Amino acid sequence: MNKKIFRTLVIIPAYNEEGSIGSVIESLRHSGVEFLVVNDGSKDGTLALLKELNVNFLDLPVNIGLHGAVQAGLIYASVKKYDCAIQFDGDGQHRPEYLPVLMRAIEGNECDVAIGSRFVNTKRPASMRMLGSRLISSAIYLLTKKFVSDPTSGMRAYSQSVIDLMAANPNYGPEPDTIAYLIRTGREIKEFHVDMSERTAGVSYLGFTSSIKYMIRMMVSILLIQPFR
């Protein structure tokens, strides 16, 4: 009997990433993985570049944010019955050489969600952004008694059951509060150390003000809403 082929889809949300998405696509092509770019209503030349490069992509007519862009990719992965989906930034910060580590963890049933973490072997630097990360880690620990060192990492691999769950429910976004929910409901979450590069072009989904609002929203969700989900 032939062994079932384990299929992985890399999902790349992209908003105004014309300066970096080309090199990201090139690096993924060299890695040999299947990938899907979700153009999140970009106003620059991202869409034209995706067409020029002849890649598999979804084109969202308006900007709906990271949550919606990733979920669009997860719906695609669910419909197409992928065994694993990996969220991967379009700004060049995530490195393809770490994809096999996350894929193997899902394929080997080590966990339901594999997080590419910057802080498994490295201490978090002292900054306002990292303070927010520490607070979210503490909130997850208070709720679940499990410590997640890099809860805001956008490099996450999901098993097929988690893909289907997140694709079917708009409340389960690619966020730390969903990680907390998954831990509470018995899903296994593991972190694997990765190094990340600095953004060289484009605009982050989260600016300074939106980062503060994001941290507050995550804290409220984890500590006040998740216990009742």
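Residues numbered from 1 in each chain as written. Predicted model: local features only at pLDDT ≥ 70, side-chain atom pairs only at ≥ 80, totals over all residues. Heavy atoms only, no water.

**Considerations on the packing of helix α1 (residues 21-31) against helix α2 (residues 46-53)**
Part 1 of the argument: Put simply, α1 and α2 touch, their axes get as near as 10 Å, and they point 30° apart. Judged by the angle between their axes, α1 and α2 are roughly parallel. Pair α1 / α2 crosses with right-handed handedness. Mapping the contact onto sequence places I21, G22, I25 and R29 in α1 and L49, L50 and L53 in α2.
Part 2 of the argument: Looking at the contact of α1 with α2 residue by residue, the classes come out as 5 nonpolar, 1 polar and 1 charged. (Axes fitted to C-alpha atoms, helices over the stretch in contact; angles between N-to-C directions. Helix = DSSP H or I, 4+ residues; strand = E, 2+ residues; numbered from the N terminus. Parallel < 35°, antiparallel > 145°, perpendicular 65-115°, else oblique. Left-handed = near helix turned anticlockwise from the far one by under 90°. Contact = heavy atoms within 4.5 Å. Nonpolar A, V, L, I, M, F, W, Y, C, P; charged D, E, K, R; others polar.)

**Observations regarding the sheet that holds strand β3 (residues 57-60)**
Part 1 of the argument: Taking strand neighbours across the sheet as the criterion, the 7 strands line up as β3-β2-β1-β4-β6-β5-β7 in an open arrangement whose pairing is mixed. Each having just a single partner strand, β3 and β7 (189-193) make up the two edges of the open sheet. Across the sheet, the mean angle separating the axes of adjacent strands is 20° when strand polarity is ignored.
Part 2 of the argument: In this structure, strand β2 (residues 34-40) lies alongside β3, joined through 4 bridges in parallel fashion. Paired with V37 across the strands is F57, a residue of β3. (Pairing = 2+ DSSP bridges.)

**Quick notes on the pairing of β2**
Part 1 of the argument: Of all 7 residues in β2, 6 are buried, a share of seventy percent or more.
Part 2 of the argument: Of the strand pairs in this sheet, strand β1 (residues 8-14) and β2 are connected by 6 bridges, and their pairing is parallel. From the neighbouring strand, L9 faces β2, where its bridge partner is E34.
Part 3 of the argument: Running through α1, the crossover from β1 to the neighbouring parallel element β2 is right-handed.
Part 4 of the argument: Regarding the hand of the β-α-β motif, the stretch spanning β2, α2 and β3 is right-handed. (Buried < 20%, exposed > 50% of the residue type's maximum accessible area, 1.4 Å probe, protein only. Right-handed = clockwise from strand over helix to strand, strands pointing away.)

**Overview of the state of the cysteines**
Linking two cysteines covalently via their sulfur atoms produces the bond known as a disulfide.
Part 1 of the argument: What the rule picks out here adds up to 0 disulfides.
Part 2 of the argument: Looking at C84, it has no disulfide partner, and the nearest cysteine sulfur is the one in C111, 9.0 Å off.
Part 3 of the argument: Since its relative accessible area comes to 0%, C84 is described here as buried.
Part 4 of the argument: Look at C111 and you get buried, because its relative accessible area is 6%. (Disulfide = S-S within 2.5 Å.)

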